Amino acid sequence: MKVTAIANSNIALVKYWGKRDEKLILPNNSNISVAYDKLNTITTVDFNPDYSKDVFILDGNEITEGSVLKKTIEHLNIIRQRANIQTKAKIASKNNFPTAAGLASSASGFSALAFAGSKAAGLNLDQKELSILSRLSGSGSASRSLIGGFAEWMKGEKADGSDSYAVQIAKPEHWPEFRIIVAIVSETKKKVSSTDGMNLTMKTCPLYQGWLDTIEQDLKNVRKGIAEKNLTLVGSTAESNCLKMHALMITTQPSLIYWTPATLEIIHAVLDWREKGLESYFTIDAGPQVKILCLEKDAQEINDKLRLLQGIKKTILCGVGGEAKLSKNHLF
Ligand code: PMV
């Protein structure tokens with residue numbers, strides 16, 4: 001059966017950085033994200049006895065080697081095992097944004113694959129099961145992309161991870177004025193993956209416990225801020241949470257410095273705009289791109305100002321996106 005799914009990428013407002021179980025992809029701390037309405041992956045999966053091997057086409061090109069292919073096939077194997085089938089599959093996947101630019105293409109990609117793949121294999125999983133399946137790809141944030149809106153991925157307590165999945169804490173319609181501006185400063189692939197980076201931090205960073213000790217308060221603030229539609233609370237907490245995560249990265253050995261001069265240029269600009277009354281906050285994942293949180297009323301002005309900065313290659317102005325969905329528009 002051929003099935004197509006579309007999932008939005010997301011940005012964490014309270015990050016996860018470190019796993020309590022590497023195999024099951026269980027995080028050390030609960031975390032909260034918001035989905036982008038303009039950055040998505042569409043994936044078609046077809047299990048067919050006519051295929052003699054798995055074929056993976058990404059953005060129009062067949063992928064014949066590398067870690068993305070390996071992860072994709074491993075994910076298909078999990079699905080096949082659950083569905084008790086051996087059939088090979090053809091998968092085509094398309095991102096509507098640059099894949100290697102650190103915009104969480106694996107989050108949207110693997111949640112679209114989990115959704116389309118499980119359905120195509122004849123499984124009928126509910127949202128909780130799909131969120132769990134999404135993270136088993138290796139990209140933990142995929143569990144949040146499946147859910148969309150404002151989503152919390154609960155760290156859970158159980159060793160088998162059955163209580164570690166994402167739930168939607170607010171729908172996109174709850175806060176239609178919320179905006180995320182993605183500022184792309186570099187399109188080169190990052191040197192150290194999130195998985196390798198967070199493992200290194202857990203092993204070598206002297207500040208790690210301090211990070212964990214402050215997470216509960218950040219989660220409370222962001223949950224409250226979202227419920228009250230309070231940009232000041234959500235933005236200031238997200239910004240300080242991001243800086244704490246980068247403090248961990250910088251003090252990991254060897255040091256993980258994902259920022260470039262352009263990243264810092266934007267950070268200074270946002271601080272300056274805020275001082276002058278233009279309310280905006282920044283957040284950054286394991287890469288150089290900066291995401292700016294603001295409200296609709298200021299978004300165009302901030303976007304125009306951003307484009308005047310030197311290091312900016314491109315900006316994408318997004319609102320809040322929804323949950324992953326099935327589609328009838330197959331890619332092949
Ligand atoms: O989705 P992963 O397992 O590759 O890790 C994502 C890590 C961060 O993007 C830095 C933080 C987060 O919570 O999304």
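Placed above this text is the structure.
Starting afresh in each chain, residues are numbered from 1 along the sequence in its written order. Totals for whole chains, interfaces and linings use every residue, but because this is a predicted model, local features are given only for residues with pLDDT of at least 70 and side-chain atom pairs only at 80 or more, for both listing and counting. Excluded from the side-chain calculation are hydrogens and water; included are all heavy atoms of the structure.

S.K.: Where do I start with the overall build of the protein chain in this structure?
M.R.: Along the protein chain, the regular secondary structure elements total nine helices and 14 strands. Radius of gyration: over C-alpha atoms. The globule rule applied is 2.2 Å multiplied by the number of residues raised to the 0.38 power. The C-alpha radius of gyration of the protein chain comes to 19 Å, within 12% of the 20 Å expected for a compact globule of 332 residues. Dimensions of the protein chain, computed from C-alpha atoms along their principal axes, come out at roughly 65 × 40 × 40 Å. To sort residues, take the accessible area from a 1.4 Å probe on protein chains only and compare it with the maximum for the residue type: under 20% means buried, over 50% means exposed, and anything in between is partly exposed. For the protein chain, with 332 residues in total, the buried portion stands at 55%. Nonlocal contacts in the protein chain, meaning residues at least 24 apart in sequence, comprise 76% of its contacts between residues at least 6 apart. When charges are tallied, Lys and Arg are placed among the positive residues and Asp and Glu among the negative ones, while His and the ends of the chain are skipped. The location of each charge is read from NZ of Lys, CZ of Arg, CG of Asp or CD of Glu. Separation of charge centres in the protein chain, based on 41 positive and 35 negative side chains, amounts to 3 Å. Helix numbering and strand numbering both begin at the N terminus, where a helix is a DSSP run of H or I of at least 4 residues and a strand a DSSP run of E of at least 2. Note on definitions: a residue-residue contact is assigned when non-hydrogen atoms from the two residues lie within 4.5 Å.

S.K.: Is there a simple way to think about the site of the ligand in this case?
M.R.: Near residues are defined by distance, with any heavy atom within 4 Å of the molecule or strand qualifying the residue. Around the ligand there are 14 residues in total, and Tyr 16, Ser 139, Gly 140, Ser 141 and Arg 144 lie nearest to it. Polar contacts, as counted here, are pairs of nitrogen or oxygen atoms within 3.5 Å of one another; within protein the pair requires one atom able to donate a hydrogen and one able to accept it, and residues that are adjacent in sequence qualify only if both atoms are side-chain atoms. At 2.3 Å, a side-chain N or O of Tyr 16 approaches an oxygen atom of the ligand. Within the backbone of Gly 140, a nitrogen or oxygen atom sits 2.8 Å from an oxygen atom of the ligand. Only protein atoms enter the 1 Å grid used here. Points where a 1.4 Å probe fits but cannot escape make up a cavity, open sets with protein on both sides within 12 Å along at least five of seven lines make up a pocket, and a residue lines them when an atom lies within 4 Å of a point. Molecule-in-pocket calls rest on the fraction of atoms, with more than half required to lie within 2 Å of the cavity or pocket grid points. In this structure, the ligand is accommodated by the largest pocket. Counted by class, the shell around the ligand contains six nonpolar, five polar and three charged residues. Three classes are used: nonpolar for Ala, Val, Leu, Ile, Met, Phe, Trp, Tyr, Cys and Pro, charged for Asp, Glu, Lys and Arg, and polar for all others, with Gly counted as polar.

S.K.: What's the story with the nonpolar core in this structure? I'm lost.
M.R.: In globular proteins that are soluble, nonpolar side chains generally tend to be buried together. As used here, the term nonpolar core means buried Ala, Val, Leu, Ile, Met, Phe, Trp, Tyr and Cys residues forming a set that is joined through side-chain atoms within 4.5 Å. Formed by 73 residues in total, the largest nonpolar core has its most connected members in Leu 13, Trp 17, Phe 150, Phe 178 and Ile 226. Examining the composition of this core, we find that seven residues originate from one element, helix α2 (residues 105-120), more than from any other. Among the nonpolar cores identified, the runner-up in size contains 21 residues, and Ile 266, Phe 282, Cys 294 and Ile 312 belong to it.

S.K.: Explanation requested: the layout of surface pockets in the structure shown.
M.R.: Unfilled space is identified by rolling a water-sized probe across the atoms. Estimates place the volume of the largest pocket at around 1200 Å³. Secondary structure elements with two or more residues in the lining of the largest pocket: β4 (31-47), β5 (55-58), α1 (67-83), β7 (89-95), α2 and α5 (194-204). The class makeup of the residues in the lining of the largest pocket is 20 nonpolar, 19 polar and eleven charged. Grid points are joined across faces, edges and corners, and a volume is the space filled by probe spheres set on the points. The volume enclosed by the second largest pocket comes to roughly 290 Å³. Along the lines of polarity and charge, the residues of the lining of the second largest pocket split into six nonpolar, five polar and three charged.

S.K.: Help me understand the pattern of salt bridges in this model?
M.R.: Oppositely charged side chains can form a pair if their charged atoms are brought close together. Just to be clear on terms, a salt bridge is a Lys or Arg side-chain nitrogen sitting within 4 Å of an Asp or Glu carboxyl oxygen. Counted by the stated rule, this structure contains 13 salt bridges. Close ionic contact of Arg 223 with Glu 152 constitutes a salt bridge, the shortest N to O distance being 2.8 Å. Within this pair, whereas Arg 223 is found in helix α6 (residues 208-228), its partner Glu 152 is found in strand β8 (residues 150-153), the two being separated by 71 residues in sequence.

S.K.: So what exactly am I meant to see when it comes to the sheet that holds strand β11 (residues 281-283) here?
M.R.: Within a sheet, neighbouring strands are paired by backbone hydrogen bonds and run either parallel or antiparallel to one another. DSSP calls a pair of strands paired once it identifies at least 2 bridges connecting them. As summarised here, the arrangement of the four strands in space is β11-β12-β10-β13, forming an open sheet in which the pairing is antiparallel. In the strand order of this sheet, the two ends are held by β11 and β13 (314-318), each with one partner. Strand-to-strand, the axes of this sheet are offset by a mean angle of 25°, without reference to chain direction. Where β11 lies against strand β12 (residues 290-295), three bridges are found, and the strand directions are antiparallel. Its bridge partner being in β12, Thr 283 is matched across the sheet by Lys 291. Every axis corresponds to a line fitted to the C-alpha atoms, with the helix fit spanning only the stretch in contact, and the corresponding angles, defined between N-to-C directions, vary from 0 to 180 degrees. Of the strands in this sheet, β10 (178-184), β11 and β12 are in contact with helix α7 (residues 231-250), which crosses β11 at around 40°. The sheet strands contacting helix α8 (residues 261-275) are β10, β11 and β12, and the helix crosses β11 at an angle near 155°.

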